[in-house]
Amino acid sequence: MSTIVATLRTDRARRLRPALTVLLAAAVAVGAPFYFAPFQVFQLTMVLLYAVALAGLNLLVGFGGQISLGHGAFFAAGAYTAAVMLDRYDTGHLATLPVAAAGCFLLGLGFGVPALRLRGLYLALVTLSFAVFLPPLLKRLEPVTGGSMGLTVDKLQPPAWSGMAEDQWMYFVVLAVTVVALLLARNLLRSRVGRALLAVRDNESAAEVMGVRLSLHKTLAFAWSAMFAGVAGCLYTWVIGFVSPDSFSFVLSITLLAGLVVGGLASLYGPLLGAAFVMYVPSVSQDLSEAAPGVVFGLLIIVVMFVAPTGLAGLPGRVRAAVTRRLPRPTAAVPDRASGAVSAPDAEPTSQPSATLAPGDPAVAEAEPVGASPRTEKE
C-alpha cells in the first residue's frame, strides 16, 4: 500500500512541476516590462521576435534535417511586406501580420521545390544564394521598397485604455504572438506532420516505405519555416519602424542558424535560448570594443560546441549525467545460493563444523539417489 501511495505522489509531483514552471515563467514575462528600463524592454522584445524566427528554422533544420542558410531572406520578405502595406497602402498594423505570414508561406512552398532534389551542402548553397541576391533586388525596386534609403513607418502605438508606454505595449503584443507561434510549433510537431518530419530526418528510405510522401513534407517544412520567419519580420517592422536592404544581408541568415545551433537543435526551448544569445552577446560585447562583437560571438560558439554539443538546452541534462556518474553507487547484497541467506559482498565466509551422520540416519537415506542398492551391515 505504501508503494502505491509513493508512486502516486511521484506522478503528481511530475505533473505539477511543468505547471509550476509555466506559471513562474508567465509571472516573470508579465512583470518584466514594469521592472526594466525602456531599452532593456526593447531588447527583450527583440529576443521574442528572434525566437519566432528560430522556431521556424528549428522546424526545418532541427526536426526536418535540412540545412538552410537563407532564412534571413524570408525574414526580410515578411518585414518588407508589412512596411510596404503600412507605407504605400496605409493599412493597420494588425492587418499586415496575416498577409506577411501567408505570403512567406507561399514563398516557402515555391522555394521548397529545390529541396526535393538537393540535400546537404548543395541545398545550403542554394538557400544562401537566395539570401545573397535579395538585398540587391530590394535596392533595384526603389518605387516599391524605397531603394537603398529603405522605408520608415509608424510604430504600433498603445491604445489609450491600456495606460502603457510604447515599449511596454509593443512587448506584450510581441509576447502574445510569440506564445501563439511556439504553441503552434509544438502542436505541429506532435501532429502527423511532425512525426513525418522526424521520420524523413532519421531515414528517408524507411519513411518512404512506411508511406510518407517525401516531396510533400519537405516542401511543407520549407513553407512552415518561411511562415514563421515572415511573422518575425513583420514584428521587426512594428518594433523598429524602419527597414532597409542592408539590415537583411546574408550575415543575418548565418547568425540565425548559429543561434539555433547554440540554443539547441530539435528542442522546444532552444529557439528562446538561441534568440537570447543572438541578441545579448553582440550587445554586451559592443561595450568592450567595436571589433569585439564578431570575435566574442565566434569564440562563444566554439566554447558552447565543446561544452554542450547539443546546445544550451541540452546542457542541464549533460550536467546531471556527469554528476550521476561521479556519485558512489550503493553496493547490493549478494544472496547465498546454497543457504538462501543474504550476505554482503565483502563479508568473509564463516566456517561451520559439519556433523557426522550415521549410515542409518534418515538424512542419509533422503540423500541417497533413487534406485540405489541398499547398504548391508557387516557383522
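Scroll up to find the structure.
Computed from a predicted model, the values in this text were never measured in an experiment.

Engineer: Before we go on, may I ask you to explain the packing of aromatic side chains in this structure?
Structural biologist: How two aromatic rings sit relative to each other is given by the distance of their centres and the angle of their planes. Summed over all chains, the structure comprises 17 aromatic pairs. In this structure an aromatic cluster arises from ring pairing among Tyr50, Phe75, Tyr80, Tyr236 and Phe248.

Engineer: Please clarify how the layout of surface pockets should be interpreted in this entry.
Structural biologist: Over the atoms, a rolling probe the size of a water molecule traces out where space has been left empty. Its boundaries defined by the atoms lining it, the largest pocket holds a volume of some 1200 Å³. Along the wall of the largest pocket there are 34 residues; nearest its centre are Ala25, Val179, Leu182, Tyr269 and Leu272. For the lining of the largest pocket, the elements supplying multiple residues, two or more each, are helix H1 (2–35), helix H2 (38–62), helix H7 (166–190) and helix H12 (270–286). When residues in the lining of the largest pocket are grouped by element, the largest group, 10 residues, is from H1. Taken together, the residues of the lining of the largest pocket break down into 28 nonpolar, four polar and two charged. Reported here for the second largest pocket is a volume of approximately 370 Å³. If you trace the second largest pocket, you find 14 residues lining it, with Tyr50, Thr255, Val278, Met279 and Pro282 closest to the centre. When contributions to the lining of the second largest pocket are tallied by element, the ones reaching two or more residues are H2, helix H11 (250–263) and H12.

Engineer: Mind showing me how you'd approach the pattern of salt bridges here?
Structural biologist: Any two side chains of opposite charge can pair, given that their charged atoms come close. Across all of its chains, the model carries four salt bridges by this definition. Salt-bridge contacts for Asp202 lead to Arg201; the nearest nitrogen and oxygen are separated by 3.2 Å. The exposed category is assigned to Asp202, whose relative accessible area is 58%. With a closest N to O distance of 3.0 Å, Glu204 and Lys218 form a salt bridge. In this pair, Glu204 sits in helix H9 (residues 204–209) while Lys218 sits in helix H10 (residues 214–240), placing the two residues 14 residues apart along the sequence. Under the relative-accessibility criterion, Lys218 is labelled buried at 6%.

Engineer: Would you mind showing me how to read the side chain of Thr127 here?
Structural biologist: Structurally, the position occupied by Thr127 is in helix H5 (residues 121–140). The exposure class of Thr127 is buried, given its relative accessible area of 1%. Ignoring any residue separated from it by four or fewer positions in sequence, one finds Thr127 in contact with Ile67, Ser68, Leu69, Gly70, Phe111 and Phe222.

Engineer: Would you take a moment to explain the packing of helix H4 (residues 93–111) against H10 for this structure?
Structural biologist: The description of two helices packed together rests on the angle between their axes and the distance between the axes. Relative orientation of the contacting elements H4 and H10 amounts to 150 degrees, with a least axis distance of 7 Å. If you check the angle between H4 and H10, you find them roughly antiparallel. The hand of the H4/H10 crossing is right-handed. Facing H4, whose interface residues are His93, Leu94, Thr96, Leu97, Ala100, Ala101, Cys104, Phe105, Gly108, Leu109 and Phe111, H10 presents Thr219, Leu220, Phe222, Ala223, Trp224, Ala226, Met227, Gly230, Val231, Cys234 and Trp238. Class assignment for the residues of the contact of H4 with H10 results in 17 nonpolar, five polar and no charged.

About the thresholds
Residues numbered from 1 in each chain as written. Predicted model: local features only at pLDDT ≥ 70, side-chain atom pairs only at ≥ 80, totals over all residues. Heavy atoms only, no water. Phe/Tyr/Trp six-rings, centres within 6.5 Å; stacked < 30°, edge-to-face > 60°. 1 Å grid on protein atoms, 1.4 Å probe; cavity = no way out; pocket = protein on both sides within 12 Å on 5 of 7 lines; lining within 4 Å. Points joined across faces, edges and corners; volume = space filled by probe spheres on them. Helix = DSSP H or I, 4+ residues; strand = E, 2+ residues; numbered from the N terminus. Nonpolar A, V, L, I, M, F, W, Y, C, P; charged D, E, K, R; others polar. Salt bridge = Lys/Arg side-chain N within 4 Å of Asp/Glu carboxyl O. Buried < 20%, exposed > 50% of the residue type's maximum accessible area, 1.4 Å probe, protein only. Contact = heavy atoms within 4.5 Å. Axes fitted to C-alpha atoms, helices over the stretch in contact; angles between N-to-C directions. Parallel < 35°, antiparallel > 145°, perpendicular 65-115°, else oblique. Left-handed = near helix turned anticlockwise from the far one by under 90°.

Shape is all these values report; function is a separate question.
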